[in-house]
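Now for the letters of each chain:
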Amino acid sequence: MANVGAVIARIITQYSDKGSKAAQKDARKIEQSFDKMSKRTKVAFAAAGVGVGYFAQRIAREGVKAAADEDKALASLGRTLQNVGQAFAIPQVNAFIEQQQMAVAVSEDQLRPAFQKLVTVLGDAGLAQEQLSLALDVSAGTGKSLDQVVMSLSRAYAGSTTGLSRLGAGLDKTLLKSGDLVAITAELNKKFGGQAEVAAASFAGSLTKIKIAADEAKESI
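Residues numbered from 1 in each chain as written. Predicted model: local features only at pLDDT ≥ 70, side-chain atom pairs only at ≥ 80, totals over all residues. Heavy atoms only, no water.

## Description of the environment of Ala-169
- Assignment of secondary structure puts Ala-169 in the loop between helix H8 (162-165) and helix H9 (173-178).
- Assessed through its relative accessible area of 5%, Ala-169 is described here as buried.
- C-alpha of Ala-169 to C-alpha of Leu-188: the two residues are 19 residues apart in sequence and 7.5 Å apart in space. (Helix = DSSP H or I, 4+ residues; strand = E, 2+ residues; numbered from the N terminus. Buried < 20%, exposed > 50% of the residue type's maximum accessible area, 1.4 Å probe, protein only.)

Take a look at the structure:
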């Protein structure tokens, strides 16, 4: 456990906005507290006759489940891309989702099904990526869940903009009634562009990145 604090600090340094030094400093303090608490916990378990093997077995079990869940999600997304004639984009889409989860501090467990919903409606992997990025910005800017924003965008592309009017995004009613998705998404980008990155660079975003990195480590194990 001695290197845990240093590893997490590198994670924050690598992925956080360089300007958010205060948030990083606070995160490191919490990490050090976690490290000390972990050491005390191991001593207590050892005194009770429970070895470190217990922790290794637990992490291994959690890792197996996480890896199995990810494999299932990957297979489902791959099938969807095949069904909409976008099988060629599978490697690029998987790489995009892996990169995004650290860039915007949102787990791939949320990103993958969100992308899947969009590409099912849009039938184009490139456009689905653009709309997922937009959905992440709108979610961060409005406080609405990513799932709610993605669902609203998906329904808008299917012909109903009612969901977009409920996001609190301040969209003009006339614009929504027009059904002009090019104009609507342009307005959303104008209002919320870059919000996901700002949220990811915050203290809360740094903690989320730590959790994501820990979950990825379990899957690797």
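There's more to say after this.
## Topic: the nonpolar core
- With 37 residues, the main nonpolar core has Phe-115, Leu-132, Leu-146 and Leu-188 as its most contacted residues.
- Secondary-structure elements contributing two or more residues to this core are helix H3 (52-83), helix H4 (90-103), helix H5 (108-122), helix H6 (125-142), helix H7 (146-157), H9 and helix H10 (181-192).
- If one sorts the elements of this core by residue count, H6 sits on top with 7 residues.
- Excluding residues within four positions of it along the chain, Phe-115 makes contact with Leu-77, Leu-81, Val-93, Ile-97, Ala-125, Ala-128, Gln-129 and Leu-132. (Core = buried A, V, L, I, M, F, W, Y, C linked by side-chain atoms within 4.5 Å. Contact = heavy atoms within 4.5 Å.)

## Structural notes on the pattern of salt bridges
- Summed over all chains, the structure comprises 3 salt bridges.
- Across the salt bridge formed by Arg-112 and Glu-108, the nearest N and O atoms sit 3.2 Å from each other. Within this pair, Arg-112 and its partner Glu-108 are both found in helix H5, separated by 4 residues, close to a single helical turn.
- Arg-112 gets classed as buried once you look at its relative accessible area, which sits at 3%.
- Here Lys-191 makes a salt bridge to Glu-187, at a shortest N to O gap of 3.9 Å. Pair noted here: Lys-191 and Glu-187 are both in helix H10, with a separation of 4 residues, about one helical turn.
- Of the residues examined, Glu-187 reaches a relative accessible area of 26% and is grouped as partly exposed. (Salt bridge = Lys/Arg side-chain N within 4 Å of Asp/Glu carboxyl O.)

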